[in-house]
Amino acid sequence: MRRSQAVRLITASRHALAQSGDAPAVMAEAWQAQALAQAIGSRLALSGPLELRVQALGLSELAGRSCGVLDRPDIDTECLRAAQLTELGDAREMLLGLAALLGEVGIALVGVACATDEEGTYWQCMEAIDAADESRDRVLEMLRQLAAHDQGAVKRGSAAG
């Protein structure tokens, strides 16, 4: 089975986050993850499953605000993973990966916050941790909605049979 572009970008983000060593690299990857969450939310809101569109719009808005918490990394547009997103693929697989990525972002930012002596970096990390948690909560809610929708479809299908 071919993995969707969204899942490949999420996987690339998870790998880049795991490979980032210093605080600026971790914070840049956290920004990239939120930008990717914003792009995924926008696409889901426009063309995703109907039951996810309201939550997806909320994710897009929340992740967009979350990008504002962190300094935008100095990267070329072609290196911006969110700008590479053209297709989503399976919503469940994509959302599971995005939830994992956002959880890993929060953990990585905790490490940066604990290791820094700079008050500004500490508070930026604290805000970004909260933002990653809120985005992850929104993604988990979308996964619950998908599961509830699928369960309802199974019940309707067995009742019709």
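What counts and how
- Residues numbered from 1 in each chain as written.
- Predicted model: local features only at pLDDT ≥ 70, side-chain atom pairs only at ≥ 80, totals over all residues.
- Heavy atoms only, no water.
- Helix = DSSP H or I, 4+ residues; strand = E, 2+ residues; numbered from the N terminus.
- Axes fitted to C-alpha atoms, helices over the stretch in contact; angles between N-to-C directions.
- Parallel < 35°, antiparallel > 145°, perpendicular 65-115°, else oblique.
- Left-handed = near helix turned anticlockwise from the far one by under 90°.
- Contact = heavy atoms within 4.5 Å.
- Core = buried A, V, L, I, M, F, W, Y, C linked by side-chain atoms within 4.5 Å.
- Buried < 20%, exposed > 50% of the residue type's maximum accessible area, 1.4 Å probe, protein only.
- Patch = residues over 30% accessible without salt bridge, like charges linked within 9 Å, V, L, I, M, F, W, Y side chains within 5 Å.
- Areas by Shrake-Rupley, 256 points an atom, 1.4 Å probe, with all protein chains shown as cover.
- Salt bridge = Lys/Arg side-chain N within 4 Å of Asp/Glu carboxyl O.
- Lys, Arg positive; Asp, Glu negative; His and termini not counted.
- Charge placed at Lys NZ, Arg CZ, Asp CG, Glu CD.
- Nonpolar A, V, L, I, M, F, W, Y, C, P; charged D, E, K, R; others polar.
- Expected span 1.5 Å × (residues − 1).
- pLDDT = per-residue confidence, 0-100.

*Asks:* Go over the environment of T77, please, and point to the residues and values.
*Replies:* The residue T77 is located in the loop between α3 (53-69) and α4 (81-84) in this model. With 32 residues separating them along the chain, T77 and A45 place their C-alpha atoms 23 Å apart.

*Asks:* So what's going on with the packing of helix α1 (residues 5-19) against helix α2 (residues 23-47)? Which residues, and what values?
*Replies:* It is the contact of α1 with α2, at a shortest axis distance of 9 Å, that shows an interaxial angle of 165 degrees. The angle between α1 and α2 places the two elements in the roughly antiparallel class. Considering the relative orientation of α1 and α2, their crossing is left-handed. Residues L9, I10, S13, A16 and L17 of α1 form the contact with α2, whose participating residues are V26, E29, L36 and I40.

*Asks:* How would you explain the nonpolar core if you had to name every residue and give the values?
*Replies:* By size, the foremost hydrophobic cluster in this structure holds 46 residues, and its most contacted members are I40, M94, L95, L98, L109 and V139. Dropping the residues within four chain positions of it, L95 is found in contact with L44, L52, V139, M142, L143 and L146.

*Asks:* Just give me the short version of a negative patch on the surface, but keep the residues and values in it.
*Replies:* There is a patch of like negative charges on the surface, built from E127, D130, D133, E134 and D137. Mapped onto the secondary structure, D137 falls in helix α6 (residues 119-160). Take D137: its relative accessible area is 46%, and that puts it in the partly exposed class.

*Asks:* Let's hear about the packing of α2 against helix α5 (residues 91-115): which residues, and what values?
*Replies:* Viewed as axis vectors pointing N to C, α2 and α5 meet at an angle of 155 degrees, and their least axial separation amounts to 10 Å. Compared by their axis directions, α2 and α5 come out roughly antiparallel. Considering how the two elements wind past one another, α2 and α5 form a crossing that is left-handed. Of the residues in α5, those touching α2 at A23, V26, M27, A30, A33, Q34, A37, I40 and L44 are M94, L95, L98, L101, L102, V105, A108, L109 and V112. Residue composition of the contact of α2 with α5, by class: 17 nonpolar, one polar and no charged.

*Asks:* Explain α3 residue by residue, including any values.
*Replies:* Across its 17 residues, α3 extends 25 Å between first and last C-alpha, which sits within 8% of the 24 Å expected from 1.5 Å per residue. Taken residue by residue, α3 has Q55, A56, G58, L59, S60, L62, A63, S66 and C67 as its buried positions.

*Asks:* So what about the pattern of salt bridges? Which residues, and what values?
*Replies:* For the coordinates displayed, the defined rule picks out four salt bridges. For E29, the salt bridge goes to R81, with nearest N and O atoms at 2.9 Å. Separated by 52 residues along the polypeptide, E29 in helix α2 and R81 in helix α4 bring together distant segments of the chain. E29 sits in the buried class, given a relative accessible area of 12%. Judged by relative accessible area, R81 falls into the buried class, the value being 12%. Close ionic contact of R144 with E141 constitutes a salt bridge, the shortest N to O distance being 3.1 Å. Here R144 pairs with E141, and both are found in helix α6, just three residues apart, close to one helical turn.

*Asks:* Which residues make up the confidence of the model for the protein, and what values do they have?
*Replies:* Here the protein averages 91 in pLDDT, and 93% of its residues register 70 or above. Looking over the protein, one finds the lowest element-wise mean pLDDT in α6, namely 86, and the highest in α5, namely 97.

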